[in-house]
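# Per-entry structural report
Below, each chain spelled out in residue letters.
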Amino acid sequence: MTDPSDLARRVREGELRLHELDDHADPETAATARRLFVEGETDTDLDTVGEYAFAAETAEPNIENMIGGTQVPVGVVGPVDIDGGAVAGERYLPLATTEGALIASVNRGCSAIRAAGGATARVLKNGMTRAPVFTVEDVGEAATVAAWVRENTDELAEAAESTTSHGELTDVTPYVVGDSVFLRFTYDTKDAMGMNMATIATEEACGVVEDETPASLVALSGNLCTDKKPAAINAVEGRGRTVAADVFIPHDLVEERFKTTADAIAEANTRKNLVGSAKAGSLGFNAHAANTVAAAFLALGQDIAQVVEGSNAITTVEEREDGLYASLTIASLEVGTVGGGTGLATQAEALEVVGVTGGGDPAGSNADALAEVIATAALAGELSLLSALASRHLSSAHEELGR
Ligand SMILES: CC(C)(COP(=O)([O-])OP(=O)([O-])OC[C@H]1O[C@@H](n2cnc3c(N)ncnc32)[C@H](O)[C@@H]1OP(=O)([O-])[O-])[C@@H](O)C(=O)NCCC(=O)NCCSC(=O)C[C@@](C)(O)CC(=O)[O-]
Ligand SMILES: NC(=O)C1=CN([C@@H]2O[C@H](COP(=O)(O)OP(=O)(O)OC[C@H]3O[C@@H](n4cnc5c(N)ncnc54)[C@H](OP(=O)(O)O)[C@@H]3O)[C@@H](O)[C@H]2O)C=CC1
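Residues numbered from 1 in each chain as written. Chains lettered and ligands numbered in written order. Predicted model: local features only at pLDDT ≥ 70, side-chain atom pairs only at ≥ 80, totals over all residues. Heavy atoms only, no water.

## So, the environment of Leu93
One can find Leu93 in strand β2 (residues 88–96). Using a relative accessible area of 2% as the deciding quantity, one classes Leu93 as buried. Taking C-alpha positions, Leu93 is 18 Å from Val338, a pair spaced 245 residues apart along the chain. (Helix = DSSP H or I, 4+ residues; strand = E, 2+ residues; numbered from the N terminus. Buried < 20%, exposed > 50% of the residue type's maximum accessible area, 1.4 Å probe, protein only.)

As structure tokens, then:
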């Protein structure tokens, strides 16, 4: 077996580069050698980073220059009853976080939803986007390209879909800014989050655009997609799954579980999530949807950077005659149950807990179900935090559980 200390020495002496170690050893040995090298260079001890439970070779599609694993504590919330389009019945949801009080809060919301008879959830729209930018001579030529694209979507779909057995091109919308033409391609990526799939498919379609029009590709992603940046287009048009969850909770249950009233929760929501967010120019009219989305993404092998889009959510709360109605609509929740980090051991186990392992039948139904479960848990978190604010329990909760 190759000696990791010897490999680390060869890197130190400039004979090998860190990323070349995979060509000289199996992935686990290469990771050990890198760790030894980094420990020597930075005078640190990486023993804990080296204690990871997944097989190093399974992480090969997910990481370069691997030195080990980071561990984040995982908790669980639920069960929560969901009457969904793709999910029916009780589900548990593993959440990974370092924020004390978060799991307790989401769990409290789940327990209230369960006691109230469950939540309703639906995926309302589904489409992963990639928007390349092309250069043209002037706005006249830009209009010609845009018109050609509108009339030849079928030809673009044929090219795009030649690269995937699952993805379907559902729309191409042109946007013109002077001599730049952006084409926002939208795909049904089924159970995959779909960013690799959409990117590869779009590159193929761009070849057709360049062959058939005067447009010249500048960048395969022109930021009108929009991936991993705050953007109104995602909040309005959606990206990934647009998913909503709602619940009705009778007054006695609101008071028992949340120690406040429907009226006080509704007022906190209006003044904080609606008026406060409007004044702040926020895209997210919610309290902390990103908390549940991030913790679920971490536990379930999703792309963490897409929490940016997952925070595009609006919470509504109203007092009705017999109780409280609340809803959460997330415009752009980008989730998958195949690909990305879903195959890593701990993430795959967590997906099993939710009951959404691998491809669904029909394809896409597992990712729909995952979106509905996350939206319901995020609604639970909204209700619990709004209640804590309304009952002035937020800082005491974090004193007790978060420090
Ligand atoms: C902490 C609670 C839940 C106590 O709330 P409580 O009502 O005193 O709790 P309880 O002991 O009566 O238990 C009620 C239920 O809560 C759950 N629960 C209770 N404790 C636990 C626990 N240890 N582990 C797991 N679950 C727990 C559990 O479901 C339990 O029901 P049961 O199962 O017993 O029938 C409440 O005060 C609370 O939710 N506070 C809000 C905390 C919160 O939401 N923090 C989120 C992060 S804030 C942030 O990051 C964003 C922010 C605030 O900056 C965004 C913004 O600007 O708004
Ligand atoms: N390339 C980029 O610009 C970006 C990439 N990423 C990364 O992309 C990765 C996610 O991309 P993604 O395309 O989801 O995943 P993968 O690249 O891992 O590809 C998933 C593949 O799984 C196959 N597949 C099998 N069963 C199914 C099913 N039921 N439904 C859908 N597909 C199925 C599909 O193959 P087939 O297509 O042959 O049918 C699909 O392309 C993440 O690691 C993320 O971090 C994130 C942002 C940007």
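Once the structure has been displayed, the description carries forward.
## Some words on the pattern of salt bridges
Using the criterion set out here, one finds 16 salt bridges in the structure. A salt bridge links Arg239 to Asp227; its shortest N-O distance comes to 2.8 Å. In this pair, Arg239 is assigned in the loop between α7 (232–237) and β8 (240–250) and Asp227 in the loop between β7 (216–219) and α7, connecting sequence segments 12 residues apart. Neither residue differs from the other here; Arg239 and Asp227 are each classed as buried. One salt bridge in this structure joins Asp368 and Arg241, with 2.8 Å as the shortest N-O distance. A residue pair is termed long-range when its members are at least 10 positions apart, and Asp368 in helix α13 (residues 365–390) and Arg241 in strand β8 qualify at 127 residues. By sharing partners, the salt bridges in this structure join Asp227, Arg239, Glu309 and Glu334 into a single network. (Salt bridge = Lys/Arg side-chain N within 4 Å of Asp/Glu carboxyl O.)

## Structural notes on the environment of Leu386
Within the element layout of this structure, Leu386 appears in helix α13. Taking the C-alpha atoms as reference points, Leu386 and Thr260, separated by 126 residues in sequence, lie 9.9 Å from one another. What Leu386 contacts, discounting residues up to four positions off in sequence, is Ile265, Ala268, Asn269, Lys272, Asn273, Thr315 and Val317. (Contact = heavy atoms within 4.5 Å.)

## Concerning the pairing of strand β9 (residues 313–320)
In terms of strand pairing, β9 meets strand β10 (residues 323–333) through eight bridges, oriented antiparallel. The residue bridging Ala313 from the neighbouring strand is Ile330, located in β10. (Pairing = 2+ DSSP bridges.)

## Points about the site of ligand 1
The local shell around ligand 1 holds 18 residues, among which Glu99, Ser105, Lys259, Lys272 and Ser384 are the closest. For ligand 1, a nitrogen atom lies 3.1 Å from a polar atom in the side chain of Asn107. A distance of 2.8 Å separates an oxygen atom of ligand 1 from a polar atom in the side chain of Ser384. A total of 1100 Å² of accessible area belongs to ligand 1 in isolation, and the protein chains cover 61% of it. Secondary-structure elements contributing two or more residues to the shell around ligand 1 are α3 (102–115), α13 and α14 (394–401). Its residues assigned to classes, the shell around ligand 1 shows six nonpolar, seven polar and five charged. (Near = heavy atom within 4 Å. Polar contact = N/O pair within 3.5 Å; in protein donor to acceptor, adjacent residues only side chain to side chain. Areas by Shrake-Rupley, 256 points an atom, 1.4 Å probe, with all protein chains shown as cover. Nonpolar A, V, L, I, M, F, W, Y, C, P; charged D, E, K, R; others polar.)

## Brief notes about the confidence of the model for the chain
For the chain, per-residue confidence averages 97 on the pLDDT scale, and 99% of positions sit at 70 or higher. Note on the complex model: pTM 0.95, ipTM 0.86. (pLDDT = per-residue confidence, 0-100.)

## Points about a negative patch on the surface
The grouping of Asp154, Glu155, Glu158, Glu210, Asp211 and Glu212 at the surface amounts to a negative patch. The set of elements that each furnish at least two residues to the negative patch consists of α5 (153–161) and α6 (195–212). With respect to the helices and strands, Glu158 occurs in helix α5. Of the residues examined, Glu158 reaches a relative accessible area of 61% and is grouped as exposed. (Patch = residues over 30% accessible without salt bridge, like charges linked within 9 Å, V, L, I, M, F, W, Y side chains within 5 Å. Lys, Arg positive; Asp, Glu negative; His and termini not counted. Charge placed at Lys NZ, Arg CZ, Asp CG, Glu CD.)

## Remarks on the site of ligand 2
Not every one of the 21 residues close to ligand 2 is listed here, only the nearest: Arg130, Thr164, His166, Gly194 and Asp303. One of the backbone nitrogen or oxygen atoms of Gly194 is found 2.6 Å away from an oxygen atom of ligand 2. Met197 is positioned with one of its backbone polar atoms (N or O) 2.9 Å from an oxygen atom of ligand 2. Contact with the protein chains removes 70% of the 930 Å² of surface that ligand 2 exposes when unbound. The element that contributes the greatest number of residues to the shell around ligand 2 is α6, accounting for four residues.

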